[in-house]
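Architecture and fold: a report
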Amino acid sequence: MDFNLNAVSFIAEKNFSRLDIKKTYDIMILGGGPAGLTAAVYCIRKGMSTGIIVNEVGGQVAWTSGIENYMGYRHINGVELVQKFKEQVLQFGIDYEEGRRIESVSSGPMKGVVLDDGRSFSSRALIIATGKDMRRLGVPGERELTGKGVAFCSICDAPFFSGKRVVVVGGGNSAMEAVHDLAPIASRVIIVQFLESLTADRVLIDKLESYGNVEVLYEHEVAEIRGGSSVESVEVRDRKTGKTSSISAGGVFIQIGLVPNSGFVKGVVSMNGSGEIIIDCSCNTSEAGIFAAGDVTTVPFKQIIIAGGEGAKAALSACEYVMRLT
Amino acid sequence: MPLFDEKISAQLGDILKNMDGAVNLAFFTQEFECRICQDTGAFLKEFSSLSEKIKLKVYDFLKDGQEAGRLGVDKIPCICVLDAGGDDTGIKFYGLPGGYEINSFISSLLEVSGKKEPIPDDLMKRIMAVDRDVHIQVFVGLTCPHCPSAVAMAHRLALENKRIRADMIDAAVFPQLAVKHSVSGVPKIVFNDREEMVGAGPLAGFLDIIERL
């Protein structure tokens, strides 16, 4: 029996107060992943009046089982690292809001942030560090059948597909991880890959042959997911011939990469074609006083340690900006 | 052989020092044909030895049927979390809270002991306004990192309002029940066998559903 204990979260002193709608903050940080939490530590230490709005603490890091490339820890699990980040922010005390999505932001000399519950906050500068979220297929049946056979977390949900035929959509590392969770227990795993080859790391692809119940459909895409109370079949289209066929399956794991959480800032700052916020090397966006950091930006390479560093940089740029105002 | 290694025992001991008052655990089990019941029993014995504030009482599901009935226990293994006075809090764990669920288990014990994080006023008002019986079943898997927060939220609701009771259910231990509620993703949260939600939403999301039951 394993125990995945998050010791820090229980010992850390609770030092968060709620965001105050009447207050004008110096800096408001949007996002609670490595970039946002690092930015928070820098802003508070500079004596800025700081608020932070978090949807899910840790973001993608909390979804990662093992991390071996964050310095200081030879191996640490994602949830544990997130708790350590949060604890480090906690020791200073900050105005904090968790579990909320951002509806919109506005620019101008005073920036505004509106939450999904209608409350709005104002600050002199903004740091956007809202990261990325799992990409969805956007096909009929996907939304309706989520939790009814359509799944996104293989370490959570693989056990429910024991003895079933399962489709894994995608050809990258996260798709292969899902295959490795599923192949030992599912009757058959069918990988539907958009491209003509798999893009995962070699070590993960080499392991596929050892299972004997995994097949790959290259250059295919999912057109529809069908089912009543649960998934029954997946309609796929051959990208070369345009022909569609139906795969009978009890489950679909969608692992097709990530999309930036930047919808709420559309039209306010410039973005590239994939929706990443364009930043310069000081984390400035196209709008004065709005800074951005981490996976939501055009920074090359999305890594925990890079996001953390970018968060620090955005915070220092924002502090400089606020100090020049006064 | 002890279940917890030295490091985890020490960490658990430190965490449990934060308990304010005592907590009673009523464990329902049977001696035969239930391997997981025995494992859960061993887990609880070891866990409760880490703090003198945790008082464990073991009941036989059949022989102590009256007590099981009083607490609404309908399957085993079941851990009921009772307050210092032995009164029901509405918090139950069906299965062994191992893996990631150790966190929701500790969180419930701390909260029942009186060590609670404040809930914002507006949400608290909504919780107190619930005036019908609500039964929340949270289906989990022990390898699911997001499940404990859903369990902890459901249990917190139960703790704050007597009309609400909340169960953690390990879907692997109660497969028939999981099939009955078509669980194919966790956490899956079922309200009064009628409404459901997949994934760990915020507290307000739980209340949105409870209010329309």
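As the structure is a computational prediction, the values presented were derived from the model and not from experiment. (Residues numbered from 1 in each chain as written. Chains lettered and ligands numbered in written order. Predicted model: local features only at pLDDT ≥ 70, side-chain atom pairs only at ≥ 80, totals over all residues. Heavy atoms only, no water.)

So, about the overall build of chain B. Of the regular secondary structure elements, chain B holds eight helices and eight strands. Relative to a compact globule of 213 residues, whose C-alpha radius of gyration would be 17 Å, chain B shows 16 Å and is just as compact. Once the C-alpha set of chain B is aligned to its principal axes, its extents read approximately 45 × 35 × 35 Å. Pairs at least 24 apart in sequence give 72% of the contacts found in chain B among residues at least 6 apart. As displayed, chain B offers around 9200 Å² of accessible surface, 51% of which is attributable to carbon and sulfur atoms. Between the centroid of the 24 positive side chains of chain B and the centroid of its 31 negative side chains there is a distance of 2 Å. (Helix = DSSP H or I, 4+ residues; strand = E, 2+ residues; numbered from the N terminus. Rg over C-alpha atoms; globule rule 2.2 N^0.38 Å. Contact = heavy atoms within 4.5 Å. Areas by Shrake-Rupley, 256 points an atom, 1.4 Å probe, with all protein chains shown as cover. Lys, Arg positive; Asp, Glu negative; His and termini not counted. Charge placed at Lys NZ, Arg CZ, Asp CG, Glu CD.)

Here we come to the sheet that holds strand β13 (residues 220-227) of chain A. Residues and elements named next belong to chain A. Ordered in space as β13-β14-β15, the three strands form an open sheet in which the pairing is antiparallel. In this open sheet, the two edge strands, each paired with only one partner strand, are β13 and β15 (244-248). Taking the axes of each pair of neighbouring strands and ignoring which way they run, one obtains an average angle of 25° across the sheet. Inspection of the sheet shows strand β14 (residues 231-238) paired to β15 by five bridges, in the antiparallel sense. Within β15, the position partnered with V236 by the bridge is S245. (Pairing = 2+ DSSP bridges. Axes fitted to C-alpha atoms, helices over the stretch in contact; angles between N-to-C directions.)

Frequently, the measure chosen for interface size is the accessible area removed from exposure when the parts meet. Contacts between the two partners involve 37 residues from chain B, matched on the other side by 26 residues from chain A. Counting the surface lost from both chain B and chain A, the interface buries some 2600 Å², and carbon and sulfur atoms represent 67% of this. Looking at the side of chain B facing chain A, the largest losses of area belong to B:Y100, B:H146 and B:S184, adding up to 21% of the total buried there. Linking chain B to chain A there are one salt bridge. At the boundary of chain B and chain A, one finds eight residue pairs in polar contact (both at pLDDT 80 or more). Of all the elements in the fold, those that place two or more residues in the side of chain B that touches chain A are α1 (6-16), α4 (102-112) and β8 (195-198) of chain B. Considered class by class, the residues forming the side of chain B that touches chain A number 22 nonpolar, eleven polar and four charged. (Buried area = accessible area lost by both parts, 1.4 Å probe. Salt bridge = Lys/Arg side-chain N within 4 Å of Asp/Glu carboxyl O. Polar contact = N/O pair within 3.5 Å; in protein donor to acceptor, adjacent residues only side chain to side chain. Nonpolar A, V, L, I, M, F, W, Y, C, P; charged D, E, K, R; others polar.)

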